[in-house]
Amino acid sequence: MASKRYATVDKSVCVACGACENICPLGAIKVHKGCFAKVAEDKCVGCGKCEKVCPANSITIESRVNI
């Protein structure tokens, strides 16, 4: 069963620093080809650690609909 929340990344703001990748306890977020962070929504539980550590404020936690 999927969690009620998940992280999303605004690729136009992300600076690909890797802070989110380093803090994610489930390895659900990775920097894609050195360009931007990408979230594996099936792994993400929406804990919010990546959102808090992001220096560019490019990550938000969203609610899933119809779970």
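Check the entry above for the structure.
My aim in this report is to walk through the structure given alongside it, one point at a time.

Quick notes on the rules
Residues numbered from 1 in each chain as written. Predicted model: local features only at pLDDT ≥ 70, side-chain atom pairs only at ≥ 80, totals over all residues. Heavy atoms only, no water. Helix = DSSP H or I, 4+ residues; strand = E, 2+ residues; numbered from the N terminus. Rg over C-alpha atoms; globule rule 2.2 N^0.38 Å. Buried < 20%, exposed > 50% of the residue type's maximum accessible area, 1.4 Å probe, protein only. Contact = heavy atoms within 4.5 Å. Core = buried A, V, L, I, M, F, W, Y, C linked by side-chain atoms within 4.5 Å.

**Here we look at the overall build of the protein**
- A tally of helices and strands in the protein yields 2 helices and 4 strands.
- N-terminal to C-terminal, the α/β element order of the protein is β-α-β-β-α-β.
- Against the compact-globule benchmark of 11 Å for 67 residues, the protein has a radius of gyration of 11 Å, which places it among compact chains.
- Counting only C-alpha atoms and orienting by the principal axes, one finds that the protein spans roughly 30 × 20 × 20 Å.
- For the protein, the proportion of its 67 residues judged to be buried stands at 36%.
- The contacts of the protein with a sequence gap of at least 6 include a subset with a gap of at least 24, amounting to 60%.

**Examining the nonpolar core**
- A7, V9, I29 and I59 are the most contacted members of the largest nonpolar core, which totals 16 residues.
- Secondary-structure elements contributing two or more residues to this core are β1 (5-9), β3 (36-39) and β4 (59-63).
- Every residue in contact with I29, bar those within four places of it in the chain, is listed here: V9, C20, E21, C24, A37, K38, V39 and I59.

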